[in-house]
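Structural description and commentary
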There are 2 protein chains.
Amino acid sequence: MRERLVVVGGDAAGMSAATQVRRRRPDLDVVALEKGSWTSYSACGIPYLVAGDVDSPEQLVARSPEQFRAEHRIDVRLRQEAVALDLDARTVEVRDHEHDRTYRLDFDQLMIGTGAHPVRPDLPGIGRPSVYGVQTLDDGAALLDRARRARCDDVVVVGGGYIGLEMAEAFHRRGARVTIVEGADRVMSRTVDADIAAHIHEAIRGLGIELRLGERVESFEDGWVHTSSGPLRADVAVLGLGVAPNGELAGAAGIALGPHGAVHVDRRQRTSAEGVYAAGDCADTWHRVARRPIHIALGTVANKTGRVAGINLAGGYATFPGVVGTAITKICSTELGRTGLTETEAAEAGYDAVVARIEVTTRAGYFPGTQPMIVKLLAEKGTGLVLGAQIVGGDGAAKRIDTVAAALTAGFDVTALVDLDLAYAPPFSSVWDPIQVAARQALGRI
Amino acid sequence: MRERLVVVGGDAAGMSAATQVRRRRPDLDVVALEKGSWTSYSACGIPYLVAGDVDSPEQLVARSPEQFRAEHRIDVRLRQEAVALDLDARTVEVRDHEHDRTYRLDFDQLMIGTGAHPVRPDLPGIGRPSVYGVQTLDDGAALLDRARRARCDDVVVVGGGYIGLEMAEAFHRRGARVTIVEGADRVMSRTVDADIAAHIHEAIRGLGIELRLGERVESFEDGWVHTSSGPLRADVAVLGLGVAPNGELAGAAGIALGPHGAVHVDRRQRTSAEGVYAAGDCADTWHRVARRPIHIALGTVANKTGRVAGINLAGGYATFPGVVGTAITKICSTELGRTGLTETEAAEAGYDAVVARIEVTTRAGYFPGTQPMIVKLLAEKGTGLVLGAQIVGGDGAAKRIDTVAAALTAGFDVTALVDLDLAYAPPFSSVWDPIQVAARQALGRI
């Protein structure tokens, strides 16, 4: 029998690995098992599918199973779920949901890309059909179908993380009355500091979305969500409480999990088991600034780590050095970017951080269409080492965070940021780039 | 008598230095001589003033002479030109154009920020009033006044550098018939490679601006510009042939000039003369990638080097490590950014460069409003060291060049670019950031 790689999970991490392996090992038998109905899709595009920016789930698919079969000779099997691994026997037990049967598949090497699932707290009624998680394209398609099929005037979004906010805007744009219920005193509490979140609150409320902070959801029933403050009308409830890694399959087989329940991997994406790799939302990764393993469910990381796993699975050599904590989102016309550590995270990581916070404009101050923009920059006291940044503002504000992400990766101090040769022309920036204005303020405080 | 700093030139470099000195040395007598009528203005804003985006020259002024006098106790003297320096006697000879007299001013320290002037080739008629250079705000105000005052239906822009292109668009938007005459076979020939320039040609011609390449201007007369191909109607001719540093004042006093005729400075902005500093468009600077002194006339550099000069003049310590060659512009809706070395420059600097060139989109491919975007990335053969990038494309394309500018500064190779944790969400980017798509292509070629 030919040597076989089995890939568990047909989205970004799994299929990136599979295509890398195929390119380097034309001889290998590559089988990819996907429990859902889609391969290699943009889960990040689901809010735009629901909002109507994108016409159909198919548009979010980068490569279809047919393409993988025809162009890459990868045996993609949809609606087939890996339910158990036997690492000694080198077999995976597969539940074939399409034909309602179970079979075993031999493997020589295994790639785990099982993804993550939306957190579902154990609340009365959370299993009802009107309560939707948003993680897979099947989830997205189901939610869109529901929104099109029946009355969807009142929507409650549970949780104010970035998925929650994007889904809230999506339903708002569909014409629904939307309420966000967030237990913390602010949205994106794990992503940005309170002063930055305050601007997001403004943007949300400016859209006419109701934002309820410090309020907990207690139960669900058809047509209603009950919170600590009373009942809310809800034709549909959307869970935006974050996601948790699908580490059970690996864990049950004895593969080591990290502190967050994600499959623990080394810098080559190797798990604790010989010949078994993991990548994407199911695995942990390294935070280069906090210097600890974290679990982060992002398409960028899934693609990168899947590629690295694939190169190594094929006998090559590649490493993934980790993330610096970059993320970006948009609420209507307000953009938000962050990277590195927030004030809270810097304190947790043991840094004494100085904070610069400046209010500037997205273009030269005199340029038509210039919009307000806030840059918050954190640097280590004494050394001036850049620790992180948060940017909130109008058109063109947020993607500037990449400059700080590169600076964090390079280990720049704020003087190096001040010296950077950043692009300036009046339609793009002030002559001192906003990041450098913040860096100069920080420089005066270290 | 109190110790005195004389600053020659009242724009970005001179006044940045002056304010830094004032902050650190409240005791010092600070006199700033400006031969024109304005201080601390955005020369880069002139095209937008002419186009009508900005209402008046005053809007381009960051700080007025009155503000410098009142808030910073800087004795700003307008329309007073330093015409000679005596370094032994420590005096500057000043021509007071306002009162038509000449006087001498003692100094202890001197800051030279005399700027640059538009290149004016020795052609018949170039001194005519209908031929305008665009460098100072006085130039810009005069040109705007001319455009408002009299017929301005036909405009010829001589030279297709970025100032020429921005002025061409400005007059096009004022409703003029605009022709650009460029002697080289492409626009921006010193800024981008031919393949990238081709996209700018499309953008220019798409506006209805006539673009004449490989054609030389031979003479000017009232109402006409004569080129190697014949006469062109021209109510106004605008020079966009680049600028040359105003190094004569320093050179005549025996201060060393660099290879481009700019005042040569060290990393603290010190000239060859004791107690004499220079910064901005009149001085040379260091190219960190090409590793040689260059002359570059940009507001960003003027502000940064002026600040560094000021800190050192005040007895502090600051250095300017140089530039990486970043520039950005916009022709209608087409954005252009560049940093590091072009193919031509890389060859000149002795690098064997591999080139990656990718065509992607500014947002996720499925996202509404996504626009084409081209990223060209150069890396050193063998080592993979990033050497430069050029980006051309729609809304949000060009400012991404900052990420490469930071990478060049850090000395990243293309693998480090592939690994960078860049921000992704569908409204902002593809999941593999365009810069990383280019880096992956380069990685396959080194």
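All values derive from a computational prediction rather than experimental measurement. (Residues numbered from 1 in each chain as written. Chains lettered and ligands numbered in written order. Predicted model: local features only at pLDDT ≥ 70, side-chain atom pairs only at ≥ 80, totals over all residues. Heavy atoms only, no water.)

1. Considerations on the overall build of chain A
For chain A, the helix and strand inventory stands at twelve helices and 25 strands. In terms of C-alpha radius of gyration, chain A reaches 23 Å, essentially the compact-globule figure of 22 Å for 446 residues. With 446 residues in all, chain A has 61% of them scored as buried. Here the analysis covers contacts within chain A between residues at least 6 apart in sequence; of these, 63% occur between residues at least 24 apart. For chain A, the exposed surface amounts to about 16,300 Å²; the carbon and sulfur share of it is 47%. (Helix = DSSP H or I, 4+ residues; strand = E, 2+ residues; numbered from the N terminus. Rg over C-alpha atoms; globule rule 2.2 N^0.38 Å. Buried < 20%, exposed > 50% of the residue type's maximum accessible area, 1.4 Å probe, protein only. Contact = heavy atoms within 4.5 Å. Areas by Shrake-Rupley, 256 points an atom, 1.4 Å probe, with all protein chains shown as cover.)

2. Notes on the side chain of Asp281(A)
All names here are of chain A. As for its placement among the helices and strands, Asp 281 is situated in the loop between strand S18 (276-278) and strand S19 (285-287). Although Asp 281 is buried, it forms no salt bridge, and the closest oppositely charged side chain is Lys 35 at an N-O distance of 12 Å. Within polar-contact distance, the side chain of Asp 281 engages the side chain of Gln 135 at 3.2 Å. With residues up to four places along the chain from it excluded, the contact list for Asp 281 reads Gly 115, Ala 116, Gln 135, Pro 245, His 295, Ile 296, Ala 297, Leu 298 and Ala 302. (Lys, Arg positive; Asp, Glu negative; His and termini not counted. Salt bridge = Lys/Arg side-chain N within 4 Å of Asp/Glu carboxyl O. Polar contact = N/O pair within 3.5 Å; in protein donor to acceptor, adjacent residues only side chain to side chain.)

3. Let's talk about the interface of chain B and chain A
Residue-level contacts link 59 residues of chain B with 59 residues of chain A. Interface area for chain B against chain A, summed over the two sides, is near 5,000 Å², with a carbon-plus-sulfur share of 64%. When residues of chain B are sorted by the area they lose upon contact with chain A, Tyr366(B), Asp421(B) and Phe428(B) head the list and together hold 15% of the total. The interface formed by chain B and chain A contains two salt bridges. (Buried area = accessible area lost by both parts, 1.4 Å probe.)

4. Remarks on the relation of the copies chain B and chain A
Between chain B and chain A, the superposition needs a rotation of 180 degrees and an axial shift of 0.0 Å, giving an RMSD of 0.0 Å. The superposition operator between the copies reduces to a two-fold rotation axis. Closest to the rotation axis within chain B is the C-alpha of Thr403(B), separated from it by 2.5 Å. Comparing interface residues between copies, 100% of those in chain B also sit at the interface in chain A, which points to an isologous, same-surface contact. (Least-squares fit on C-alpha atoms with pLDDT ≥ 70 in both.)

5. Re the sheet that holds strand S5 (residues 91-96) of chain A
Hydrogen bonds between backbone atoms are what pair the strands of a sheet, whose relative direction is either parallel or antiparallel. Residue and element names in this part refer to chain A. Reading across from one edge, S4-S5-S6 is the order of the three strands in this open sheet, with antiparallel pairing throughout. Strands with a single pairing partner mark the edges of an open sheet, and in this sheet they are strand S4 (80-86) and strand S6 (101-106). Shown here is a sheet whose adjacent strand axes are inclined to one another by a mean of 25 degrees, direction ignored. Of the pairings in the sheet, the one linking S5 to S6 comprises six bridges and is antiparallel in character. Note on S6: the bridge partner recorded for Val 94 is Tyr 103. (Pairing = 2+ DSSP bridges. Axes fitted to C-alpha atoms, helices over the stretch in contact; angles between N-to-C directions.)

6. Observations concerning the pairing of strand S1 (residues 4-8) of chain A
All names here are of chain A. Taken across its five residues, S1 has five buried, putting it largely inside the fold. Because side chains alternate across S1, one face comprises the buried residues Arg 4, Val 6 and Val 8, and the other comprises Leu 5 and Val 7, equally buried. Pairing analysis gives five bridges linking S1 to strand S2 (residues 29-34), with the strands arranged parallel. Considered in S2, the bridge of Val 6 is made with Val 31. As defined by bridge partners, S1 adjoins strand S7 (residues 109-112) across four bridges and the pair is classed as parallel. Looking at the pairing, Leu 5 lines up with Gln 109 of S7.

7. Points about helix H8 (residues 299-313) of chain B
Given a rise of 1.5 Å per residue, 15 residues ought to cover 21 Å, and the 21 Å separating the end C-alpha atoms of H8(B) matches this to within 8%. In the segment just after H8(B), Gly315(B) is the residue with positive phi, at about 95 degrees. (Expected span 1.5 Å × (residues − 1).)

8. Some points on the environment of Thr191(A)
Residues and elements named next belong to chain A. Within the fold, Thr 191 resides in the loop between strand S11 (177-182) and helix H6 (194-206). The class for Thr 191 is buried, based on a relative accessible area of 17%. Taking C-alpha positions, Thr 191 is 13 Å from Gly 164, a pair spaced 27 residues apart along the chain. Leaving out residues up to four positions away in the same chain, Thr 191 has contacts with Arg 338 and Thr 342.

9. Notes on the sheet that holds strand S21 (residues 327-331) of chain A
Residues and elements named next belong to chain A. Read across the sheet, five strands follow the order S21-S22-S25-S24-S23 without closing on themselves; strand pairing throughout is antiparallel. Whereas interior strands pair on both sides, the edge strands pair on one side only; in this sheet they are S21 and strand S23 (353-361). Across the sheet, the axes of successive neighbouring strands diverge by a mean angle of 10 degrees, strand direction being ignored. Direction of pairing for strand S24 (residues 372-380) relative to strand S25 (residues 386-393): antiparallel, over a ladder of seven bridges. Within S25, the residue paired with Val 375 across the bridge is Ile 391. Packed on one face of the sheet, helix H10 (residues 401-410) meets strand S22 (334-340), S24 and S25 and runs near 175 degrees to S25.

10. Comments concerning the packing of helix H1 (residues 12-24) of chain A against helix H8 (residues 299-313) of chain A
Residue and element names in this part refer to chain A. The geometry of H1 relative to H8 is characterised by a closest axis approach of 7 Å and an angle of 35 degrees between their N-to-C directions. H1 and H8 meet at a crossing whose hand is right-handed. Across the interface between the two elements, Ala 12, Ala 13, Ser 16, Ala 17, Gln 20, Val 21 and Arg 24 of H1 pack against Ala 302, Asn 303, Gly 306, Arg 307, Gly 310, Ile 311 and Leu 313 of H8. A class-by-class count of the residues in the contact of H1 with H8 yields seven nonpolar, five polar and two charged. (Left-handed = near helix turned anticlockwise from the far one by under 90°. Nonpolar A, V, L, I, M, F, W, Y, C, P; charged D, E, K, R; others polar.)

11. With respect to unusual backbone geometry
All names here are of chain A. Even without glycine at this site, Met 188 takes up a positive phi of about 50 degrees. Here Met 188 is to be found in the loop between S11 and H6. Judged by relative accessible area, Met 188 falls into the buried class, the value being 4%.

12. What to know about the pattern of salt bridges
One pass over the structure, following the stated rule, counts 64 salt bridges over all chains. The salt bridge partner of Arg151(A) is Asp153(A), with a shortest N-O separation of 3.3 Å. Among the salt bridges present, the one from Arg151(B) reaches Asp235(B), with a minimum N-O distance of 3.2 Å. In this pair, Arg151(B) is assigned in the loop between helix H4 (137-149) and strand S10 (154-158) and Asp235(B) in the loop between strand S15 (230-234) and strand S16 (236-239), connecting sequence segments 84 residues apart. Classification of Arg151(B) by relative accessible area gives partly exposed; the value is 46%.

13. Here we look at the packing of aromatic side chains
Following the criterion strictly, the structure yields two aromatic pairs over all chains and no others. Aromatic pair Tyr48(A) and Phe367(B): ring centres 4.9 Å apart, planes at 75 degrees, arrangement edge-to-face. Of the two residues, Tyr48(A) sits in helix H2 (residues 46-51) while Phe367(B) sits in the loop between strand S23 (353-361) and strand S24 (372-380), which places them in two different chains. Overall, Tyr48(A) belongs to the buried group, its relative accessible area being 8%. By relative accessible area, which is 10% here, Phe367(B) ends up buried. One Lys or Arg, Arg440(A), reaches over the ring of Trp432(A) and ends 4.5 Å from the middle of that ring. (Phe/Tyr/Trp six-rings, centres within 6.5 Å; stacked < 30°, edge-to-face > 60°. Lys NZ or Arg CZ within 6 Å of the ring centre and 35° of its normal.)

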